[in-house]
Structures are given as structure tokens and as C-alpha cells.
Amino acid sequence: MCGIVGYSGHRPAGPILLEGLRRLEYRGYDSAGLALFDGDRQFYIAHATGKLDALVQRVEGTLPPATSGIGHTRWATHGEPSDRNAHPQLDPDGTIAVIHNGIIENFEELRARYARGPFHSETDTEVLAHMLAGAVERGVDLLDALRGVVAEARGAYSVVAVAVGEPGRMVAARAGNAGGIVIGTGEGEHLLASDLGALLPHTRRVTFLEPGEFVDLCADSVRYVDIEGHELTKTIEVLPYDPVSAVKGPYKHFMLKEIHEQPDAALNAMRGRYLTGPLRVDLSGDIPFDAAWAKALTRVVLVGMGTSMHSALVGRHYIERFARLPAEVDNSAEFRYRGPVLDEHTLVISVAQSGETVDTLAAMDEAKRAGCPQITICNSPGAQTTRVANATLLMRAGPEIAVASTKTMVASMVLLHALALYLGRLRGTLAPDVEAQQVQAALHLPAAIGAALNLGGQIEVLADRYADSRDFLFLGRGLGYPAALEGALKLKEVSYIHAEGYAAGEMKHGPIALIDDQFPTVALAPRDDVFDKMRSNIEQIRARKGPVIALVSAGDRSLEGVATDIVEMPEVDPLLTPIVAVVPLQLLSYYIATRRGADVDQPRNLAKTVTVE
Ligand code: AGP
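Residues numbered from 1 in each chain as written. Predicted model: local features only at pLDDT ≥ 70, side-chain atom pairs only at ≥ 80, totals over all residues. Heavy atoms only, no water.

Details of the overall build of the chain
Next up, step 1: Of the regular secondary structure elements, the chain holds 19 helices and 27 strands.
Next up, step 2: Against the 2.2 N^0.38 benchmark of 25 Å for 613 residues, the chain shows a C-alpha radius of gyration of 25 Å, consistent with a compact globule.
Next up, step 3: Based on the C-alpha atoms only, the size of the chain along its principal axes is roughly 80 × 55 × 40 Å.
Next up, step 4: A burial count over the chain gives 61% of its 613 residues as buried.
Next up, step 5: In the chain, of all internal contacts separated by at least 6 residues, the share reaching a separation of at least 24 is 72%. (Helix = DSSP H or I, 4+ residues; strand = E, 2+ residues; numbered from the N terminus. Rg over C-alpha atoms; globule rule 2.2 N^0.38 Å. Buried < 20%, exposed > 50% of the residue type's maximum accessible area, 1.4 Å probe, protein only. Contact = heavy atoms within 4.5 Å.)

Side note on the domain arrangement of the chain
Next up, step 1: For the chain, the assigned domains read domain 1 (3-250), domain 2 (273-441) and domain 3 (451-595).
Next up, step 2: Relative to domain 3, the C-alpha centre of domain 2 lies at a distance of 27 Å.
Next up, step 3: Facing the 21 residues of domain 2 at the interface are 16 residues of domain 3.
Next up, step 4: Surface buried jointly by domain 2 and domain 3 totals about 1,600 Å² across both partners, of which 72% is contributed by carbon and sulfur atoms.
Next up, step 5: When residues of domain 2 are sorted by the area they lose upon contact with domain 3, His-310, His-317 and Tyr-318 head the list and together hold 26% of the total.
Next up, step 6: The interface formed by domain 2 and domain 3 contains seven residue pairs in polar contact (both at pLDDT 80 or more).
Next up, step 7: Contributions of two or more residues to the side of domain 2 that touches domain 3 are made by helix 9 (306-323), helix 13 (407-427) and helix 14 (432-443).
Next up, step 8: A total of nine residues in the side of domain 2 that touches domain 3 trace back to one element, the largest contributor, which is helix 9.
Next up, step 9: Looking at the side of domain 2 that touches domain 3 residue by residue, the classes come out as eleven nonpolar, nine polar and one charged. (Domains from an automatic or database assignment. Buried area = accessible area lost by both parts, 1.4 Å probe. Polar contact = N/O pair within 3.5 Å; in protein donor to acceptor, adjacent residues only side chain to side chain. Nonpolar A, V, L, I, M, F, W, Y, C, P; charged D, E, K, R; others polar.)

What to know about the environment of Gly-487
Next up, step 1: By secondary structure assignment, the location of Gly-487 is in helix 17 (residues 480-495).
Next up, step 2: Sequence spacing of Gly-487 and Leu-588 is 101 residues, and the spatial spacing of their C-alpha atoms is 8.6 Å.
Next up, step 3: Beyond its immediate stretch of four places on either side in the chain, Gly-487 contacts Phe-474, Leu-585 and Ser-589.

Some points on the sheet that holds strand 26 (residues 548-552)
Next up, step 1: Reading across the sheet, the five strands line up as 24-23-25-26-27 and stay open at both edges, with parallel pairing between neighbours. Of all strands in the sheet, those with a lone pairing partner are strand 24 (498-503) and strand 27 (565-568), marking the two edges. Geometrically, the sheet is characterised by an average inter-axis angle of 20° between neighbouring strands, direction not taken into account.
Next up, step 2: With three bridges joining them, strand 23 (residues 471-476) and strand 25 (residues 521-525) adopt parallel strand pairing. Of the residues in strand 25, the one forming a bridge with Phe-474 is Val-522.
Next up, step 3: The strands that helix 16 (residues 456-466) touches are strand 23, strand 26 and strand 27; relative to strand 27, the one it contacts most, it runs at about 155°.
Next up, step 4: Those strands touched by helix 17 are strand 23, strand 24 and strand 25, and its axis lies near 175° from that of strand 24. (Pairing = 2+ DSSP bridges. Axes fitted to C-alpha atoms, helices over the stretch in contact; angles between N-to-C directions.)

A short note on the site of the ligand
Next up, step 1: Close contacts around the ligand come from 15 residues, with Ser-308, Gln-353, Ser-354, Thr-357 and Glu-493 the closest.
Next up, step 2: Interatomic distance of 2.6 Å between a side-chain N/O atom of Ser-308 and an oxygen atom of the ligand.
Next up, step 3: Burial of the ligand by the surrounding chains reaches 93%, relative to a free accessible area of 410 Å².
Next up, step 4: Put simply, the parts of the chain that give the shell around the ligand at least two residues each are helix 9 and helix 17.
Next up, step 5: Taken together, domain 2 (273-441) and domain 3 (451-595) each give at least three residues to the shell around the ligand, which thus spans both. (Near = heavy atom within 4 Å. Areas by Shrake-Rupley, 256 points an atom, 1.4 Å probe, with all protein chains shown as cover.)

Considerations on the packing of aromatic side chains
Next up, step 1: If you walk through the whole model with that rule in mind, you get six aromatic pairs.
Next up, step 2: When the ring of Phe-289 is compared with that of Trp-293, the centres are 3.9 Å apart and the planes differ by 25°; the resulting orientation is stacked.
Next up, step 3: Owing to a relative accessible area of 16%, Phe-289 belongs among the buried residues under this scheme.
Next up, step 4: Ring pairing ties together the aromatic residues Tyr-466, Phe-472 and Phe-474, which thus form one cluster.
Next up, step 5: Geometry around Tyr-496 places Arg-604 over its ring, the cationic atom sitting 3.8 Å from the centre. (Phe/Tyr/Trp six-rings, centres within 6.5 Å; stacked < 30°, edge-to-face > 60°. Lys NZ or Arg CZ within 6 Å of the ring centre and 35° of its normal.)

As for the side chain of Ser-82
Next up, step 1: As for its position among the elements, Ser-82 is in the loop between strand 4 (68-74) and strand 5 (89-90).
Next up, step 2: The class for Ser-82 is buried, based on a relative accessible area of 9%.
Next up, step 3: Ser-82 has contacts with Ser-31, Thr-49 and Arg-74, leaving out every residue within four places of it along the chain.

Quick word on the nonpolar core
Next up, step 1: Formed by 105 residues in total, the largest nonpolar core has its most connected members in Tyr-318 and Phe-472.
Next up, step 2: A per-element tally of this core places helix 13 first, with 14 residues.
Next up, step 3: Two domains share this core, each providing at least three of its residues, namely domain 2 (273-441) and domain 3 (451-595).
Next up, step 4: Residues in contact with Phe-472, not counting those within four places in the same chain, are Tyr-466, Leu-491, Ile-497, His-498, Ala-499, Glu-500, Phe-519, Pro-520, Val-522, Ile-549 and Ile-592. (Core = buried A, V, L, I, M, F, W, Y, C linked by side-chain atoms within 4.5 Å.)

A word on the packing of helix 7 (residues 262-270) against helix 15 (residues 445-453)
Next up, step 1: Their axes nearest at 8 Å, the elements helix 7 and helix 15 cross at an angle of 170°. The orientation of helix 7 with respect to helix 15, classified from their angle, is roughly antiparallel. From helix 7, Gln-262, Pro-263, Ala-266, Leu-267 and Met-270 reach across to helix 15, where they touch Pro-446, Ile-449, Gly-450 and Leu-453.
Next up, step 2: Across the contact of helix 7 with helix 15, the residue classes break down as seven nonpolar, two polar and no charged. (Parallel < 35°, antiparallel > 145°, perpendicular 65-115°, else oblique.)

Remarks on unusual backbone geometry
Next up, step 1: The linkage connecting His-87 with the following residue, Pro-88, adopts the cis geometry, with an omega of 0°.
Next up, step 2: Relative to the elements of secondary structure, Pro-88 occurs in the loop between strand 4 and strand 5.
Next up, step 3: In this structure, Arg-396 takes a positive phi of about 60° despite not being glycine.
Next up, step 4: Mapped onto the elements of the fold, Arg-396 is located in the loop between strand 22 (391-394) and helix 13.
Next up, step 5: For Arg-396, a relative accessible area of 34% translates into the label partly exposed.
Next up, step 6: The residue Tyr-496 is not glycine, and still its phi comes out positive at about 65°.
Next up, step 7: Of note, Tyr-496 is situated in the loop between helix 17 and strand 24.

Here's what the structure looks like:
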């Protein structure tokens, strides 16, 4: 949460910072602020509550011609969204400005010890400015002062500080796993940001700050040190991302754009991994493990949060079926506190589109301590999960800007399918003809997803009919169950309608009490081996007058006259159904949300990257 951006160079910093914040706004959007060097004796400071546009309006016509400064977009943890809680935060004399992402756990203790005057905000950030100002006043160099602060401030966070009298200089630190910092090197300029999106319009030459590392940069110099002040040598990486894909194009919302990018997302995930002639999966370019290693595995644990955990639930089916390994899925936040039983033969697979979710990173740390081999599925090259895991399957879905995950779920389910097949082959548990059939079926996915997008018109009609509902139930069995969970999550997060996802068999153990003619159910009922059971569940709901929207296999008319509404999904292999079924569910959420006037791309209370526990 929270977006951080900094610039030091030869161009006007204000517009660069505002544009950077625009690209980071998905990380937090309850307030924003800027600090620019206004000569060498004072800062130009601006704060505004609300979305970035409020800040843009506030600074209009007043930005000084500064060539360096810092900016921040906030997702509140300590203190309500307000101007005074917006970053940058300053010391009482206005000599140090600080922006920060993450949580300083002992900030109250630090406030009591280091206050240099009254605090103006409720943030855990402001005390850092007080601490830095105290050290600088004692003659400590700014970078050394920051090392001292980080040594005392407990928590997982990243922080950037600037000082009047040192125009153009910026120091930053990353402590723990909360939100990374990327440094961009341009021609006679340096930038930093909490993620790549803000840097890519300016440079593709980047360096990632690891936990425990510090950076000290000016327009034409950059140096890295560790907490003890030892110099670090870091290599610049050159990234391939296309910044053009980060704009909305013809779509009204990023969510709709990203839903429509899903055929490409599936294809890009498969490229070079699903091979033809002969049909097989090859992940040897991503995963450095051999058959002996795969055969020695005894178990798989998949971790993730939210949508990523729903992908993991789909992956469990694939792993058990193709690799014949017992597989379990855990919510990352629960996993770490349970004292899980792990060993070096337990493969831990983490799914995280951002690669920065603190709960998932903590689960991975737990697995690392136990010596588990780890594979992560991630959409952000260089993100923290990719640095912890032994191997990474990059989604290659391109930037996902809408807070609601869509295309990254499709990409991650595809990759879990590929991984399960690959493990199956390495372990000798997968017959070549089954592998070939599954690869063939997967190669059809981009087309099937494209066909699912064509359901948009029908879904809009359903959205008109059900947009005023207060509650929704989503039911599925087998592979339909994770899709049902995802349908409910998507609907509640973008439309604010209360929705629950249930394994259909569970319905009669409680949720059925809710059913009446105002309580619609979305039932995933493809023609698979549990279809008859789903049909019974649908009849049970209809007997209580509950409307049912049934998602059925292509050409299946058997639920006509049973379900209230029928959506025929495109033809797809039964095992791949959830990868296609999520598309109409996403569209339903999207269209209902737009009919209710909700802020689809930036739903209230949420953030794209969740870097607090
Ligand atoms: C998805 O729509 C949600 N916004 C959320 O549940 C998300 O999937 C979760 O926060 C996990 O994020 P990650 O994939 O970046 O780890």
C-alpha cells in the first residue's frame, strides 16, 4: 500500500512526480502529497485529501521550478485520510521531509523518546522526520541518520527522506518485506519508486533495493549501503516492459480492459512453455529442478491471498491429478501462525500477482526456514517473492492496474496447470497421451476466453436485472468451487453487494436458510462428473423461489426450465473450466458495479498491493 516516487535530475520535478503518482495511485488513494526543493533553504509542500486529482488541482500554477523532490499517495493505516496525515511528513522546523510505506510498529515508543516538538499528524511516519532532524542537527550525515533511524524503527516498511540544504539528494531504505523500492537510472537523472510503473516512462535501467539496504542518490550519482554503512555493489537490470499497456485505451475502466486482455494473458503465460510437435509442457527454462528432485517430493503446499488463493485452489486439483502429490492450500496469513509441518521434500508454491503481499512473503519466510523448495507464480519481474523463491513462473500478463485481479488470475491458473503437468512428467505420474491432450486443450484457452468475452451482452442484461440485489450466493463443486469463491469476491469488492461463495454441497448445511425470491444464486454447473449433484442443488434453491443464474457447458439445455437464467460457457476441457468460467463472473461483477455507480478500478478501502498484515 502507498505509492512512493522521487526524482532528482535536470527536468522540472513537479510534473514528473505527479505523473509517477498517477501510475502508483492504485496502491493507495485516500490522500497524496509532494515535497519539492524550493531553493536550498525550504521545501515547497503540498497535501490534499482524496484522490490524486485533488492534489493536482491544489498545486496548479504554484509548482516551483525544482528539479528534485518526492511524492506519495496514501492508503491509511495510522490516522484518517486527511491533509495533515498525508505524506510527506515533516519535523517541526520543516527541515526534513519523509514519505513512507508500511508500518512502524513501535512509533509510539519512538514518539515518546524523540519528539522535537508537537506532532501534527496521527501517522507512524512523522516521528521518523523528528528522529532524522535530531540526528542531522547533531551533525550526522543524512544517510547515516537514516541508518540510525531504521535500526530503531521496528516493522516492515520503506522510507525516503530529503533535507533542506541538500537539494537534489534523496536517501531511502527498505526494512523488511513491506513494499519494495526500485531505483531508475536515466541520463543525468535518478528516480525511485515503489514499483516499476512509475519509472518505465523515463527509464528501463533499474535496480531493486533489498530488505536491509539503503540508497543515497543525486541526479548524477547513486550509492548503496547496508545497515552498517558498508558499501554495496548492485547491478543495473534492463527491463523489457511496455509502458503503453499501462493506459486504458478504449475501455472505460482498467478492470474492463484487463478482462479483455485475458486471451493474451493466457497466451503469454503459455508462450514457450506449452509446446507443439510433440505436444508437451517444458518449464526447464523457468525451473531448475530435475526428475530426481521431483520424485523425492512428498507433498505440495500452495499459499496465496484473495484471488491468488482461489487460483491456488484450482492448482491443487491439477497437482493432485497430474503430479499425484498430496496438495493443500493455505491462506498465507493463517499458514505462518499455525506452526505448519514442513520439510525439504515439501514443495511450497506461492501465488501473488504483485509479489509484494506481506502475508505471502511471511509464509514464504516460514517455508524458507524449514528448508522447503519454493516456486512462486508472480506478475512483477523482480518482486520480492521472486527473490525469496528458488524458481519463478512469471505470469507475463502485463501491468494489472485495477484493484480487482482478473487477468493475473487467468495467467496464474494457466501456470499452475503447466506446473502440475511438468511435475507429473518429471515424476513419471503423467501418461504422455494425457499430457498431449491437456496441452492441446490449453492451447485452446485463448480462443475459449475470447468467446467468453462475447457473453458480455447477455451478462449486461443480467446485470440490469440483478443490480439492485442486496445479497448473492455463488455455488460450485470440484473445480467450480474456487470459481464460485472468486465470483463472490469479485462481486463484493467492486459492487459492494454482500456475496458468499460456497461449496454447493455445503449449502444445505446453513446458507439455504437465506434463500428467498430476492436472493439470487450463481451456480457453476458445467457438464462434469458432479453435474447431477449441482442440478439437485439448483432445484433445491428454485423450490424456495430463489432465482438461479446457471453457468453451463456449451450446448447444454438440460437446465432450461430449472434455472432462472442460463449462461452457456464456451467449449473447453472440463479440467480447464474455471479458467474460462471466471470471465463471465468478472463481467457480471463489472457490469453490476457500473450500474450501481461504484468506483470499479479503485474500490473503497482496498489497495492493489497489500503490504500490511
Ligand atoms: C483481488 O481482486 C483482490 N484485490 C485481492 O484479493 C488480491 O488477490 C490479494 O490481495 C492478493 O494479492 P497478490 O496476488 O498481489 O498477492
